[in-house]
2 protein chains.
Amino acid sequence: MQFRIGIDLGGTNIKAGIVNENYEILLEKSIPTLVKRSADEVIRDMAALVRSLIQEAGIGMQTVLGAGVGSPGTVDAKKGIVVYSNNFGWEDIRLGECLSAALHMPVRVSNDANCAALGEVRAGAARKYANCVLLTLGTGVGSGIVIDGHIFEGAHAGGAELGHTSLVADGEECTCGRRGCLEAYVSATALIRDTRRAAGADPASMIWRFCNGDLERVNGRTVFDASAAGDDCARGVVDRYIRYLGEGIVNAVNLFRPDIVLLGGGVCKQGEILTKPLNAYVGRHCFAGDKGFIPEIGIAGLENSAGIIGAAALILADTEGVAF
Amino acid sequence: MQFRIGIDLGGTNIKAGIVNENYEILLEKSIPTLVKRSADEVIRDMAALVRSLIQEAGIGMQTVLGAGVGSPGTVDAKKGIVVYSNNFGWEDIRLGECLSAALHMPVRVSNDANCAALGEVRAGAARKYANCVLLTLGTGVGSGIVIDGHIFEGAHAGGAELGHTSLVADGEECTCGRRGCLEAYVSATALIRDTRRAAGADPASMIWRFCNGDLERVNGRTVFDASAAGDDCARGVVDRYIRYLGEGIVNAVNLFRPDIVLLGGGVCKQGEILTKPLNAYVGRHCFAGDKGFIPEIGIAGLENSAGIIGAAALILADTEGVAF
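What counts and what doesn't
Residues numbered from 1 in each chain as written. Chains lettered and ligands numbered in written order. Predicted model: local features only at pLDDT ≥ 70, side-chain atom pairs only at ≥ 80, totals over all residues. Heavy atoms only, no water. Helix = DSSP H or I, 4+ residues; strand = E, 2+ residues; numbered from the N terminus. Rg over C-alpha atoms; globule rule 2.2 N^0.38 Å. Buried < 20%, exposed > 50% of the residue type's maximum accessible area, 1.4 Å probe, protein only. Contact = heavy atoms within 4.5 Å. Areas by Shrake-Rupley, 256 points an atom, 1.4 Å probe, with all protein chains shown as cover. Core = buried A, V, L, I, M, F, W, Y, C linked by side-chain atoms within 4.5 Å. Least-squares fit on C-alpha atoms with pLDDT ≥ 70 in both. Pairing = 2+ DSSP bridges. Axes fitted to C-alpha atoms, helices over the stretch in contact; angles between N-to-C directions. Expected span 1.5 Å × (residues − 1). Arc of directions from axis to C-beta. Parallel < 35°, antiparallel > 145°, perpendicular 65-115°, else oblique. Left-handed = near helix turned anticlockwise from the far one by under 90°. Nonpolar A, V, L, I, M, F, W, Y, C, P; charged D, E, K, R; others polar. Phe/Tyr/Trp six-rings, centres within 6.5 Å; stacked < 30°, edge-to-face > 60°. Polar contact = N/O pair within 3.5 Å; in protein donor to acceptor, adjacent residues only side chain to side chain. Buried area = accessible area lost by both parts, 1.4 Å probe. Salt bridge = Lys/Arg side-chain N within 4 Å of Asp/Glu carboxyl O.

Here we come to the overall build of chain A. Secondary structure assignment for chain A yields 10 helices and 13 strands. For a compact globule of 324 residues, the expected C-alpha radius of gyration is about 20 Å, and chain A comes in at 20 Å, within 12% of that figure. The principal-axis extent of the C-alpha atoms belonging to chain A is close to 65 × 50 × 35 Å. Residues classed as buried in chain A amount to 60% of the 324 residues present. Put simply, of all contacts in chain A between residues at least 6 apart along the chain, 61% involve residues at least 24 apart. Summed over its atoms, the accessible surface of chain A is roughly 12,800 Å², and 48% of this surface lies on carbon and sulfur atoms.

This paragraph deals with the nonpolar core. Ranked by size, the top nonpolar core spans 112 residues in total, and within it Phe256(A) and Phe256(B) carry the most contacts. If near-sequence neighbours (up to four positions away) are discounted, Phe256(B) is found in contact with Phe152(A), Gly154(A), Ala155(A), Leu255(A), Phe256(A), Val133(B), Ile145(B), Ile147(B), Phe152(B) and Leu162(B).

We now examine the environment of Leu27(A). By the secondary structure assignment, Leu27(A) is in strand E3 (residues 25-32). Residues in contact with Leu27(A), not counting those within four places in the same chain, are Ala16(A), Gly17(A), Ile18(A), Leu53(A), Glu56(A) and Ala57(A).

Both copies of the chain are related through a single rotation about an axis accompanied by a shift along the same axis. Once chain B is rotated about the relating axis by 180° and shifted along it by 0.0 Å, it coincides with chain A to within an RMSD of 0.0 Å. Taken together, these values place the two copies in the relation of a two-fold axis. Taking C-alpha positions as the reference, the residue of chain B nearest the rotation axis is Val168(B), at 2.1 Å. Interface residue correspondence from chain B to chain A reaches 100%, placing this contact among same-surface, isologous pairings.

Once that is clear, we can look at the sheet that holds strand E12 (residues 260-264) of chain B. All names here are of chain B. Overall, mixed pairing links the 5 strands, which are arranged E11-E10-E9-E12-E13 in an open sheet. Of all the strands in the sheet, just strand E11 (150-151) and strand E13 (296-299) have a single pairing partner and so form its edges. Alignment of strand E9 (residues 132-137) against strand E10 (residues 141-147), held across 6 bridges, turns out to be antiparallel. Following the sheet pairing, Val 133 is matched in E10 by Ile 145. This element, helix H3 (residues 112-123), spans E9, E10, E11 and E12 of the sheet and lies at about 50° to E10.

Right, let's get into unusual backbone geometry. All names here are of chain A. Despite not being glycine, His 104 has its phi angle at roughly 55°, a positive value. By the element assignment, His 104 lies in the loop between helix H2 (95-103) and strand E8 (107-111). Positive phi, close to 55°, is recorded for Asn 212, a residue that is not glycine. Mapping Asn 212 onto the fold places it in the loop between helix H6 (207-210) and helix H7 (222-228). The exposed category is assigned to Asn 212, whose relative accessible area is 56%.

We now examine helix H8 (residues 232-256) of chain A. Residues and elements named next belong to chain A. The terminal C-alpha atoms of H8, which comprises 25 residues, lie 35 Å apart, in line with the 36 Å expected from a rise of 1.5 Å per residue. Of all 25 residues that make up H8, 19 are buried, and the element is covered over most of its length. Phi turns positive one or two residues past the end of H8, at Arg 257, with a value near 40°.

Our focus in this paragraph is H2(A). All names here are of chain A. Every buried residue of H2 is accounted for by Leu 95, Gly 96, Leu 99, Ser 100 and Leu 103. Each buried residue of H2 sits inside an arc of 120° when the element is viewed along its axis, so together they form one side. Elements in contact with the buried residues of H2: strand E1 (3-9), helix H1 (39-57), strand E4 (64-71), strand E6 (81-85), strand E7 (90-93) and E8.

All names here are of chain A. Spatial strand order, E11-E10-E9-E12-E13: 5 strands in an open sheet with mixed pairing. Whereas interior strands pair on both sides, the edge strands pair on one side only; in this sheet they are strand E11 (150-151) and strand E13 (296-299). Pairing of strand E10 (residues 141-147) with E11 involves 2 bridges; the strand directions are antiparallel. Its bridge partner lying in E11, Val 146 is registered against Ile 151. Sheet contacts for helix H3 (residues 112-123): strand E9 (132-137), E10, E11 and strand E12 (260-264); angle to E10, the most-contacted strand, approximately 50°. Helix H9 (residues 272-285) rests against E12 and E13 of the sheet, and its axis sits at about 160° to E13.

Residue and element names in this part refer to chain A. Where H8 meets H9, the axes come as close as 9 Å, and the angle between the chain directions of the two elements is 50°. In this view, H8 runs oblique relative to H9, as classed from their interaxial angle. Handedness of the H8/H9 crossing: right-handed. When H8 is examined against H9, the residues Tyr 241, Ile 242, Arg 243, Leu 245, Gly 246, Glu 247, Ile 249, Val 250 and Val 253 are found in contact with a partner set consisting of Ile 273, Leu 274, Pro 277, Leu 278, Tyr 281, Val 282 and His 285. Taken together, the residues of the contact of H8 with H9 break down into 12 nonpolar, 2 polar and 2 charged.

Our focus in this paragraph is the packing of aromatic side chains. Inspection of every chain in the model, using the stated rule, returns 12 aromatic pairs over all chains. Summarising the aromatic geometry, the rings of Phe224(A) and Tyr241(A) are spaced 6.5 Å apart at their centres and angled 90° between planes, so their arrangement reads as edge-to-face. Of this pair, Phe224(A) sits in helix H7 while Tyr241(A) sits in helix H8, placing them 17 residues apart in sequence. Look at Tyr241(A) and you get buried, because its relative accessible area is 3%. One aromatic cluster is present, formed by Phe152(A), Phe256(A), Phe152(B) and Phe256(B) through successive ring pairs.

Here we come to the packing of helix H5 (residues 188-200) of chain A against H8(A). Residues and elements named next belong to chain A. The geometry of H5 relative to H8 is characterised by a closest axis approach of 10 Å and an angle of 150° between their N-to-C directions. Between H5 and H8, the angle falls in the class roughly antiparallel. Crossing hand, H5 versus H8: right-handed. Contacts between H5 and H8 involve Leu 191, Asp 194, Thr 195, Ala 198 and Ala 199 from the former and Cys 233, Val 237, Arg 240 and Tyr 241 from the latter. In terms of residue class, the contact of H5 with H8 is made up of 6 nonpolar, 1 polar and 2 charged.

With that out of the way, let us pick up the side chain of Thr165(B). Inspection of the secondary structure puts Thr165(B) in the loop between E11 and helix H4 (183-186). A polar atom in the side chain of Thr165(B) sits 2.9 Å from the backbone oxygen of Leu162(B). With residues up to four places along the chain from it excluded, the contact list for Thr165(B) reads Asn251(A), Leu255(A), Arg178(B), Gly180(B), Cys181(B) and Leu182(B).

With 46 residues of chain B at the interface, the matching set in chain A holds 46 residues. Between chain B and chain A the total buried area reaches about 3,900 Å² when both faces are included, carbon and sulfur atoms providing 56% of it. At the boundary of chain B with chain A, the tally comes to 5 salt bridges. Elements that contribute at least two residues to the side of chain B that touches chain A include exactly strand E6 (81-85) and helix H8 (232-256) of chain B. For the side of chain B that touches chain A, the element with the most residues is H8(B), which contributes 9 residues. For the side of chain B that touches chain A, a count of residues per class yields 21 nonpolar, 13 polar and 12 charged.

Here it is in structure tokens:
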């Protein structure tokens, strides 16, 4: 039996797991990230976490093929470098090289959304397929693209960012400095903004009831709850959100033509409320219509373990020969 | 010496050339396409054209590695099938298989813009690079994406269509049935539409002088000429066109991070009038700013021969083993 280590490097916690050949997590541990520390300290803790996992699981080091890391920010996967992470305050951190030296095993690094997409292809909602686009609808919009079973990164660092392609040029402000990116319309943050705006303009909206009269308490569920209760104002926000999400998915299809498009992140808990109209929308609007391949739109299956499984899947059977 | 045949299948003419190992065209011939005919007749003529080229060049059949075809429309490159071409009225035409049977050599098919991009990488303005995005600004907006020296098609037919990703959701009508695609803002057709609109709203604009007082005579050059002559109305149209093109290029960079982005088609004759502001715009707006890789924006180099050279380049040295 051979094992892979998957590490999900988050802003709050570092989660690591031992993954077997069937992409099942045998053992998982988590420690706080404490992002204010230097990268050296974070990497030292990651290495210690991995060593303790291996010891606790009682597997020999020689059975471990290597470790993969899913990192936030812009990653140069070929070089194993975190080029830039705003949240971590990291620039040009040689994460792959440093962790490989500490663990004496091959290490691969990719963006966290890329890893989540690969995890879904290996063991999640896309496991029947080799081609998948994952959009994570959270604070921001992450995207992972898997083509022919491998992560598509683009040619240089900073590619595969569907969340930062335009939906409405000159539209809403985006965190990336541009205006009108997909992220500025379909992130949970954008949905909350639009929910507040709609309620602010409509004192009779049931949105007010679902946030106890305090717009600060609006979250990504509020507008769906109000819409389900029959509120027209909320339904308008939901319909617009779904249409924008549909446009973003059509863009992804017109470029990548995956077998399946998966939605992850908190908003995707709405399930069929999203996927039913989205499948209809995408079926109608893709380039070349029904002459082209129309993928299914579904919900990600692995939730929190996609990151660990996908990071582990960065390590291929022949990664051993790769030296940083 | 080994040779490849490149075929550029256009709406007006079928152009074919014999291409040597240095990606130079030794001999080129052209015949009318006559699109109203059946696909069988067109393919028979293509085969006859290739045979006459080989005969005239005096090269032996055994020195020809195969033939590549750049076709308009939606192409399934893996299967050599033209899935759909609106202009030709073709659906599910097994072009690769039929031409291969007629010529007794391996045949590969891809979309025409894909072939042009590959041609630029092998022998044109991107020949120093392995990663290139080409946007052809003509009647529509074609796009070709080359990653690691090979055409990126997406997983299924109908991908890599940057012209049909949104710039302004719900914006201008696009030929694909959606609204607000990049094509609806930066094609020559869109530029002519915007030139006419601007002149229509401004009787004093010098645009009127450059089209002899007849908006029907506006072409893709008119607004650039009027802008160069100092007309503010025309300059506004040009500035907006360049900004939209910049947005579309930033989208392409945020997804594909190529070494270089090339512009082809009639509008690109404006050269530095486009590339100077576009390089500045793209440098400012890409995701991760100066922490990410910022490609150069340039003008395609091969003009009309890119299609033949790129189609020939579909044939790899080991394509011989591939049978349709």
